[in-house]
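Each chain, written out:
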Amino acid sequence: ALVLAALTAFATACAAAAAIWGPKRSARFAISLQEEKELRDRKFQVFMILMAHRKNYGQSLAMQHLNIIDLLWINNRSVRDAWAEFYQSIASEGYSITQKEERFRRILSTMSHDLGMGSLLTSDDFQRAYYSTAVGLREEAEAVQAQSIINEANEKLRAHQPPEN
């Protein structure tokens, strides 16, 4: 009878513990699942923006999304390495446009693998992009105009600087 009472008390204690800790664990698990989904959604958004700008990754929106790769893929060394290699190619001289584009496509490829789409997308998918001539000409004209404004501002700054000794 004493053993039965001890087992009953133990079972009651276990049930009480489960009633207290079970909901907490369930809540933590639900929160964890929600955080994982939100991270995946953010990663997918970055991937979509970069895919949309794969023909012109120098646009502001694409650059903003490139700059958060290290944060979103903090636990994925291959994506971060691909980003570092691409950054090296655009920050340094001596890389051809073809090499830069190959490195950019490597970012897209490693991201697609991380997002579970790696076997569905091929290198052709990362290369294929529509970019109209009219849009390209307009953006080129805007870049020339912006560079002209920058040059004028630099000349004005130089004109107002005191001479160096």
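Keep in mind that this is a model prediction, so the values were computed, not measured.

### Section: the overall build of the chain
The helix and strand inventory of the chain stands at seven helices and zero strands. If you list the helices and strands of the chain from N to C, you get α-α-α-α-α-α-α. Residues classed as buried in the chain amount to 22% of the 165 residues present. For the chain, the accessible area works out to roughly 12000 Å², and carbon and sulfur atoms hold 58% of it.

### Topic: the environment of L121
Relative to the helices and strands, L121 resides in the loop between α5 (97-114) and α6 (123-127). Between the C-alpha atoms of L121 and L108, which are 13 residues apart in sequence, the distance is 9.7 Å.

### Some thoughts on α5
Given a rise of 1.5 Å per residue, 18 residues ought to cover 26 Å, and the 26 Å separating the end C-alpha atoms of α5 matches this to within 8%. Every buried residue of α5 is accounted for by F104, R105, I107, L108, T110, M111 and S112. G116 sits one or two residues past α5 and shows a positive phi near 85 degrees.

### Let's talk about the packing of aromatic side chains
This model, assessed by the stated rule, comprises six aromatic pairs. For the pair Y57 and F86, a centre-to-centre distance of 4.9 Å together with 90 degrees between the ring planes defines the contact as edge-to-face. Taken together, the residues span a long stretch of sequence, with Y57 in the loop between α1 (2-52) and α2 (60-66) and F86 in helix α4 (residues 77-91) at a distance of 29 residues. According to the relative accessible area criterion, Y57 is buried, its value standing at 12%. Given a relative accessible area of 0%, F86 falls into the buried group. Ring pairs connect the aromatic residues Y57, W83, F86, Y87 and F104, which therefore count as one cluster.

Cut-offs applied
Residues numbered from 1 in each chain as written. Predicted model: local features only at pLDDT ≥ 70, side-chain atom pairs only at ≥ 80, totals over all residues. Heavy atoms only, no water. Helix = DSSP H or I, 4+ residues; strand = E, 2+ residues; numbered from the N terminus. Buried < 20%, exposed > 50% of the residue type's maximum accessible area, 1.4 Å probe, protein only. Areas by Shrake-Rupley, 256 points an atom, 1.4 Å probe, with all protein chains shown as cover. Expected span 1.5 Å × (residues − 1). Phe/Tyr/Trp six-rings, centres within 6.5 Å; stacked < 30°, edge-to-face > 60°.

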